[in-house]
Amino acid sequence: MIKAVLVINTQGKPRLTKFYGFLTVEKQQELIRSVFGVLCSRAEKVSNFMEVDSIFGPDSRLVYKHYATLYFIFVFDSSENELAMLDLIQVFVETLDKCFRNVCELDIVFNYNKLHSILDEIISGGQVLETSSTEIMRAVEEISKCSLPPSPPSLPPSVMSESASNSISLVPKTVSGWRSR
């Protein structure tokens, strides 16, 4: 089971945190600080897999991938395969790249809802749902279509100018006009 998905920048600011079990906010922040402390102190040429029993409790593992200014981190238990989790990070990043066309940290910051929609299509309740980037994109596009606000009915320009002039004429032009009402 996946315990957490984290996206943290190289300064230690969390850009996405999703925990699949109840933890207090204080505990979540403590875990994020601990994970970042361990990651930023690791050499670049070491393995992307770690045992994190001391941070997340017994039977916890962590896999991460460092892209540009972001660490993508999955924390999971022994029921999940480490290589499959590394591949899942790749699927997540590829999907983000398709969605935002060359994803960067600002895309993640300013499109928080879309980021969560993508992650929710991949993982739900700590279980992997989908690993196909194409299928994930299709589902996210469907969600986007459903969540768009309805567009206002288009009116011909003549009606628009009439209604605009009517609304303007209803507003008194002077203070004395207000008093007479």
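See the structure printed just above.
Definitions and limits used
Residues numbered from 1 in each chain as written. Predicted model: local features only at pLDDT ≥ 70, side-chain atom pairs only at ≥ 80, totals over all residues. Heavy atoms only, no water. Pairing = 2+ DSSP bridges. Helix = DSSP H or I, 4+ residues; strand = E, 2+ residues; numbered from the N terminus. Core = buried A, V, L, I, M, F, W, Y, C linked by side-chain atoms within 4.5 Å. Buried < 20%, exposed > 50% of the residue type's maximum accessible area, 1.4 Å probe, protein only. Contact = heavy atoms within 4.5 Å. Salt bridge = Lys/Arg side-chain N within 4 Å of Asp/Glu carboxyl O. Axes fitted to C-alpha atoms, helices over the stretch in contact; angles between N-to-C directions.

1. Focus on the pairing of strand 2 (residues 14–19)
- Relative to strand 2, strand 1 (residues 2–9) runs antiparallel, the two being bridged by five bridges. Paired with Ile-8 across the two strands is Pro-14, which belongs to strand 2.
- Between strand 1 and strand 2, which pair antiparallel and follow one another directly, the connecting turn spans four residues, one of which, Gly-12, has a positive phi of 95°.

2. Considerations on the nonpolar core
- Ile-2, Val-5, Phe-72, Phe-74, Phe-92, Ile-118 and Ile-123 are the most contacted members of the largest nonpolar core, which has 28 residues in total.
- Among the secondary structure elements, those contributing two or more residues to this core are strand 1, strand 5 (70–77), helix 3 (82–100), helix 5 (112–122) and helix 6 (133–147).
- When residues of this core are assigned to their parent elements, the largest contribution, nine residues, is made by helix 3.
- Those residues in contact with Phe-74, other than ones at most four positions away along the chain, are Ala-4, Val-5, Arg-61, Leu-62, Val-63, Met-85, Leu-88, Ile-89 and Ile-123.
- Membership of the second largest hydrophobic core comes to 18 residues, among which are Phe-36, Leu-39, Val-52 and Val-75.

3. So, the pattern of salt bridges
- Under the counting rule described, the total for this entry stands at seven salt bridges.
- A salt bridge links Arg-15 to Glu-105; the nearest nitrogen and oxygen atoms lie 2.7 Å apart. Of this pair, Arg-15 sits in strand 2 while Glu-105 sits in helix 4 (residues 105–110), and the two are 90 residues apart along the sequence.
- Look at Glu-105 and you get buried, because its relative accessible area is 19%.

4. As for the sheet that holds strand 3 (residues 49–51)
- Taken together, the five strands give an open sheet; going across it, the order is 2-1-5-4-3, and neighbouring strands pair in antiparallel fashion. Because the sheet does not close on itself, it has two edges, and the strands there are strand 2 and strand 3. The mean angle between the axes of side-by-side strands here comes to 15°, regardless of whether they run parallel or antiparallel.
- Along the sheet, helix 5 contacts strand 1 and strand 2; its crossing angle with strand 2, the most-contacted strand, is approximately 40°.

5. Remarks on the side chain of Ser-133
- As for its position among the elements, Ser-133 is in helix 6.
- Overall, Ser-133 belongs to the buried group, its relative accessible area being 8%.
- Once residues lying within four places of it in the same chain are set aside, the contact partners of Ser-133 are Val-91, Glu-94, Thr-95 and Lys-98.

6. Description of the side chain of His-116
- Along the chain, His-116 turns up in helix 5.
- Not counting chain neighbours up to four residues away, the residues in contact with His-116 comprise Leu-16, Thr-17 and Lys-18.

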